[in-house]
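# Observations on the three-dimensional arrangement
Below are the chains, spelled out letter by letter.
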Amino acid sequence: MNGRFLGTGATGQDVYEYALLRVVPRIERGECFNAGVLVYSRSRALVAARTHLDEAKLLALDPGADVAGVRAALRAVEGVCAGGEAAGQAARDDAGRRFRWLVAPRSTVVQPGPVHTGLTTDPVGEAERLLELLVK
């Protein structure tokens, strides 16, 4: 089987998918800001999350926001990505199923954005790069 079908191209780069995590403090207003990124690499069986909550932005959009609750929701996403006990019931699922579950549309304060694709030799490093570029 050709490596391209497994997600690795001739350049040694892996195809990866990513989605931003958005905080929508007041659903009815539709205002949001980026607070994290999810990265999935099928060829490496990896799903990773990097998060950064800007409390000032959150409170500017909703002075009564539950900062601790939003922080807990972001930590829960990180836990699902990490697998093991922190993933709860999702621990039995492979990385791809966990990623698909995390990027499924939902109407909560922490929401996934659309899924995008790219190429990288370092999916974990890509998660850090995207966090710096698109979130912080």
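Please refer to the structure placed before this passage.
One structure accompanies this document, and this report is about it. Bear in mind the structure is a predicted one, so any value in this text is a computation, not a measurement.

## Digging into the environment of Val-80
Assignment of secondary structure puts Val-80 in helix 2 (residues 67-82). Residues Val-80 and Ala-95, spaced 15 residues apart in sequence, show a C-alpha to C-alpha distance of 9.3 Å. Beyond its immediate chain neighbours, meaning those up to four positions away, Val-80 contacts Ala-86, Ala-87, Ala-90, Arg-98, Trp-101 and Leu-102.

## Some words on the nonpolar core
Ranked by internal contacts, the top residues of the largest apolar core, which has 25 residues, are Val-23, Leu-38, Leu-53, Leu-58, Val-70 and Leu-74. For this core, the secondary-structure elements that each account for two or more residues are strand 1 (14-23), strand 2 (33-41), strand 3 (46-51), helix 2 and helix 3 (95-102). Take this core: its biggest share by element is 6 residues, from helix 2. Ignoring anything within four residues of it in the chain, the contact list for Leu-38 reads Glu-17, Tyr-18, Ala-19, Leu-21, Ala-48, Ala-49, Val-77, Cys-81, Phe-99, Leu-102 and Val-103. Within the second largest apolar cluster, 9 residues are counted, among which are Leu-20, Val-37, Leu-131 and Val-135.

## With respect to the state of the cysteines
Here, disulfide denotes a covalent bond that connects the sulfur atoms of two cysteines. Per the counting criterion, the structure on display carries 0 disulfides. Between Cys-32, a cysteine without a disulfide, and Cys-81, which holds the nearest cysteine sulfur, the sulfur-to-sulfur distance is 20 Å. With a relative accessible area of 40%, Cys-32 lands in the partly exposed category. With relative accessibility at 5%, the residue Cys-81 sits in the buried group.

## Things to note about helix 4 (residues 123-134)
Every α-helical turn comprises 3.6 residues, leaving residues that sit three or four positions apart pointing alike. With 12 residues, helix 4 extends 16 Å between its outermost C-alpha atoms, agreeing within 8% with the 16 Å of an ideal straight helix rising 1.5 Å per residue. Those residues of helix 4 not exposed but buried are Pro-123, Glu-126, Ala-127, Leu-130 and Leu-131. When helix 4 is viewed along its axis, its buried side chains cluster within an angular range of 140° and face the same direction. Where the residues of helix 4 are buried, they touch strand 1, strand 2, strand 3 and strand 5 (116-120).

Rules and cut-offs
Residues numbered from 1 in each chain as written. Predicted model: local features only at pLDDT ≥ 70, side-chain atom pairs only at ≥ 80, totals over all residues. Heavy atoms only, no water. Helix = DSSP H or I, 4+ residues; strand = E, 2+ residues; numbered from the N terminus. Contact = heavy atoms within 4.5 Å. Core = buried A, V, L, I, M, F, W, Y, C linked by side-chain atoms within 4.5 Å. Buried < 20%, exposed > 50% of the residue type's maximum accessible area, 1.4 Å probe, protein only. Disulfide = S-S within 2.5 Å. Expected span 1.5 Å × (residues − 1). Arc of directions from axis to C-beta.

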